[in-house]
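Chain by chain, the residues:
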Amino acid sequence: MISSKDSYGISFQTPIFAIMSSAIVKKFSGEELFKNVISHAKEYGFIFQSSEIYDGLSAVYDYGQMGVELKKNIRDYWWKSMVQLNENIVGIDTAIFMHPTTWKASGHVDAFNDPLIDNKDSKKRYRADVLIEDHIAKVEVKIQKEVEKAKARFENFDEVMFVSTNPRVVENQKKIDEINARFKTALNDNNLEDVKQLILDLEIVCPISGSRNWTDVRQFNLMFSTQLGSVSDESNTIYLRPETAQGIFVNFLNVQKSGRMKIPFGIAQTGKAFRNEIVARQFIFRMREFEQMEMQFFVKPGTEIEWYEKWKAKRMQWHNSLGFPQSKYRFHDHIKLAHYANAAADIEFEFPFGFKELEGIHSRTDFDLKSHMQYSGKKLQYFDSEDNENYIPYVVETSIGLDRMFLAMMSMALNEEVLEDGSSRVVMNIPPFLAPYKVAVLPLMKKDGLPEKAREIIDELKLDHLCIYEEKDAIGKRYRRMDAIGTPYCITVDHQTLEDNTVTIRDRDTMKQERLAIDQLAQIVNQKVSMSLQLAKLM
Ligand code: ATP
């Protein structure tokens, strides 16, 4: 861990996420960042491996005392932005177990498969689609490098012109288009031999063994099954839900009728989902038990693409509201549409291991409701009183993994700064309204009535905010600990406090301290960490 040297009273001007003049942000990157995120998450109580004392369970994780707060705050921010800010969206909380026919109707029993391929030398198993996508990403990097090189050379650089005329770029783009076309056709035809042939033609090697000694591609169903009741026979087989969406679809009419909802309207849900992921080695990016935050928006047929575009924009706005650089996000339009979709895109985030899916936005047509109608024999239709017609609504879905969002947050927020005096600090620049603890209250010394005064301040703030009290160690060390868990404000009680009822409040990002009257504290802290002010930016 990085040493902490600064002492009580140091103040620097360091605005968050900006180039700083007095503190150099030595942002970790790539593998180093990923390793640091994992070790920091454990060391400071954000994330532990599940059942660690038994050597852990692969791709299953527990959230610690800090993690549970950060996760809850991200979930709340999503929930409020969806349900509280939109009059026509309501929430729901459905069971993890569902009638097994649900998963026949949704297509998960027959088609929730990953195409897998093994390398015979390393004995490692890979998702065939991921191998191909990684290969495409490498060609994209080559194009990007050409663009950057040219940009640096020419003053009035015209990127569009360059990309469409430079022979090397054009050649590489052609390669990407050809790969995409072959890949799309092979997947759409469920032609696994062609998928393998594509991997061979692209000369993709196993990252571990370096060889091209591949098995055939096979499909593998990702659902976990278990038995209902005490008798174990096949008719009692039920599944742990692999997505929360189906709980929304089967309740569509219940919610619409009991809530007298008029189309367009949405139903939101957060909750656990389970997938027997094969390639599961990216910490909380790909877990076997994870949490989703999903919203299904029911619309009139024919208007779905318009709503799809609106939700794409709205969801990107939500991500941008967190204050991380926009360049960290991008859309990726699906080349192969799932069986239920007529348009689909991912919001990708630049994780330490590259751009990967963080959220999916899918125009799901009437596939799910229609299919549940067929399998259940119940009418899942809507009567549109304005147009005097009955129809099965179309659906636009937004689906984000809470754990992936957590990982995105940790990898953006974790920074190492070299300060003016040459010392350094590790700081988690979590947006204050999402931070686990909002305030730390620190008596400068453990005597002279300072602890009692600090407790009084905590009592005043704790009804509204999660506060932490710390009296052990020198004040500079305590500041560093608070920086490392992302506490945005430290309130220090010193001898002057006893004389004039003032305290210092230290800002995590700028390290600046201000002296304030205690009776101003609640108001100022409320403002600084307010989720409502943040939500107002989304309106
Ligand atoms: P991927 O292609 O990465 O497997 P997916 O396309 O199967 O993801 P969706 O079915 O669209 O994912 O699920 C919606 C969201 O749920 C994803 O965008 C992701 O954030 C999250 N998610 C999916 N699978 C996992 C997982 N195994 N662990 C953590 N989060 C997940």
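## Regarding the overall build of the protein chain
Phase 1: On a plain count of helices and strands, the protein chain comes out with 18 helices and 24 strands.
Phase 2: Relative to its length of 539 residues, the protein chain is compact, with a C-alpha radius of gyration of 26 Å against a globular reference of 24 Å.
Phase 3: Projected onto the principal axes, the alpha-carbon positions of the protein chain cover approximately 75 × 60 × 55 Å.
Phase 4: Across the 539 residues in the protein chain, those meeting the buried criterion constitute 52%.
Phase 5: Partitioning the intrachain contacts of the protein chain with sequence separation of at least 6 by distance along the chain shows that 67% fall at a separation of at least 24.
Phase 6: Here the protein chain has roughly 25,800 Å² of accessible surface; of this, 49% comes from carbon and sulfur atoms.
Phase 7: Positive and negative side-chain charges in the protein chain, numbering 70 and 78 respectively, have mean positions lying 2 Å apart.

## Describing the sheet that holds strand β7 (residues 218-221)
Phase 1: On the basis of which strands lie adjacent, the open sheet formed by three strands has the order β6-β5-β7 and antiparallel pairing. The sheet is open, and its two edges are formed by β6 (125-127) and β7, each paired on a single side. On average, adjacent strands in this sheet sit at an angle of 45 degrees to one another, irrespective of strand direction.
Phase 2: Pairing analysis gives three bridges linking strand β5 (residues 113-118) to β6, with the strands arranged antiparallel. What sits directly across from I117, in β6, is Y126.
Phase 3: Sheet contacts for helix α5 (residues 128-153): β5 and β6; angle to β6, the most-contacted strand, approximately 70 degrees.

## As for the sheet that holds strand β22 (residues 489-493)
Phase 1: Read from one edge to the other, the open sheet built from five strands follows the order β21-β20-β22-β23-β24, with strand pairing classed as mixed. On the outer flanks of this sheet lie β21 (467-469) and β24 (513-517), each paired with one strand and no other. Averaged over neighbouring strand pairs, the angle between their axes works out to 25 degrees when direction is ignored.
Phase 2: Packed onto the sheet, helix α15 (residues 475-485) meets β20 (439-443), β21, β22, β23 (502-507) and β24 and runs at close to 170 degrees relative to β20.
Phase 3: Running at roughly 125 degrees to β24, helix α17 (residues 518-528) makes contact with β20, β22, β23 and β24 of the sheet.

## Thoughts on the packing of aromatic side chains
Phase 1: Scanning the entire structure with this criterion turns up 21 aromatic pairs.
Phase 2: Judged by centre distance (5.0 Å) and plane angle (80 degrees), the ring pair of Y63 and F406 falls under edge-to-face. Linking Y63 in strand β3 (residues 61-63) with F406 in helix α13 (residues 402-413), this pair joins segments that are 343 residues apart in sequence.
Phase 3: On the basis of relative accessibility, which here comes to 18%, the residue Y63 falls in the buried class.

## A few points about the site of the ligand
Phase 1: Surveying the vicinity of the ligand reveals 16 residues, the closest of which are E277, R286, M287, E357 and L358.
Phase 2: Interatomic distance of 3.3 Å between a backbone N/O atom of F285 and a nitrogen atom of the ligand.
Phase 3: Side-chain polar atom of E357 to an oxygen atom of the ligand: 2.6 Å apart, as the coordinates give it.
Phase 4: Burial of the ligand by the protein chains amounts to 87% of its free accessible area of 590 Å².

## As for the environment of L57
Phase 1: Note on placement: L57 falls in the loop between β2 (47-49) and β3.
Phase 2: Taking C-alpha positions, L57 is 9.8 Å from R288, a pair spaced 231 residues apart along the chain.
Phase 3: When residues no more than four places from it in sequence are discounted, the contact partners of L57 are Q49, S50 and S51.

## A word on the domain arrangement of the protein chain
Phase 1: Domain boundaries assigned for the protein chain yield domain 1 (16-21 + 428-536), domain 2 (93-104 + 222-400) and domain 3 (117-220).
Phase 2: Put simply, the middle of domain 1 and the middle of domain 2, counted by C-alpha atoms, are 40 Å apart.
Phase 3: Summed over both partners, the interface of domain 1 with domain 2 comes to about 350 Å²; 68% of that surface belongs to carbon and sulfur atoms.
Phase 4: Counting across the domain 1 and domain 2 interface gives zero salt bridges.

## Section: the nonpolar core
Phase 1: F46, I74, L322 and L434 are the most contacted members of the largest nonpolar core, which totals 76 residues.
Phase 2: Considering each element in turn, this core owes the most residues, nine residues, to α13.
Phase 3: Apart from residues lying up to four places away in sequence, L322 is in contact with Y77, Y329, M405, M409, P431, F433 and L434.
Phase 4: Ranked by size, the runner-up nonpolar core spans 27 residues in total, among them V139, I176, L187 and I199.

## A closer look at the confidence of the model for the protein chain
Phase 1: On average, the protein chain scores 91 in pLDDT, and the residues at 70 or more come to 95%.
Phase 2: With pLDDT under 50 throughout, residues 1-21 is counted as low confidence; its partners more than four residues away or in other chains account for 56 contacts.

## A closer look at the side chain of R275
Phase 1: For R275, the location among the structural elements is in the loop between β10 (265-274) and β11 (289-299).
Phase 2: Apart from residues lying up to four places away in sequence, R275 is in contact with F112, L222, F224, P242, E243, M287, R288, F290 and Q292.

## Re helix α8 (residues 192-201)
Owing to its 3.6 residues per turn, the α-helix brings residues three or four apart onto one side.
Phase 1: Residues L192, V195, K196, L198 and I199 constitute the buried set of α8. Buried residues of α8 fall within an arc of 155 degrees about the axis and therefore sit on the same side.
Phase 2: The elements touched by buried residues of α8 are β5, α5, α7 (167-188) and β7.
Phase 3: The N-terminus of α8 is capped by N191, whose side-chain oxygen sits 3.3 Å from the backbone nitrogen of E193.
Phase 4: Within two residues after α8, E203 carries a phi angle of roughly 55 degrees, on the positive side.

## Let's talk about unusual backbone geometry
Note: most peptide bonds trans; most residues except glycine with negative phi.
Phase 1: Looking along the chain, the bond that leaves I263 and enters P264 is cis, with omega of 5 degrees.
Phase 2: Secondary-structure assignment places P264 in the loop between α10 (252-258) and β10.
Phase 3: We note that D55 has phi near 75 degrees; this positive angle belongs to a residue other than glycine.
Phase 4: Judged by relative accessible area, which is 70%, D55 ranks as exposed.

Criteria and cut-off values
- Residues numbered from 1 in each chain as written.
- Predicted model: local features only at pLDDT ≥ 70, side-chain atom pairs only at ≥ 80, totals over all residues.
- Heavy atoms only, no water.
- Helix = DSSP H or I, 4+ residues; strand = E, 2+ residues; numbered from the N terminus.
- Rg over C-alpha atoms; globule rule 2.2 N^0.38 Å.
- Buried < 20%, exposed > 50% of the residue type's maximum accessible area, 1.4 Å probe, protein only.
- Contact = heavy atoms within 4.5 Å.
- Areas by Shrake-Rupley, 256 points an atom, 1.4 Å probe, with all protein chains shown as cover.
- Lys, Arg positive; Asp, Glu negative; His and termini not counted.
- Charge placed at Lys NZ, Arg CZ, Asp CG, Glu CD.
- Pairing = 2+ DSSP bridges.
- Axes fitted to C-alpha atoms, helices over the stretch in contact; angles between N-to-C directions.
- Phe/Tyr/Trp six-rings, centres within 6.5 Å; stacked < 30°, edge-to-face > 60°.
- Near = heavy atom within 4 Å.
- Polar contact = N/O pair within 3.5 Å; in protein donor to acceptor, adjacent residues only side chain to side chain.
- Domains from an automatic or database assignment.
- Buried area = accessible area lost by both parts, 1.4 Å probe.
- Salt bridge = Lys/Arg side-chain N within 4 Å of Asp/Glu carboxyl O.
- Core = buried A, V, L, I, M, F, W, Y, C linked by side-chain atoms within 4.5 Å.
- pLDDT = per-residue confidence, 0-100.
- Arc of directions from axis to C-beta.

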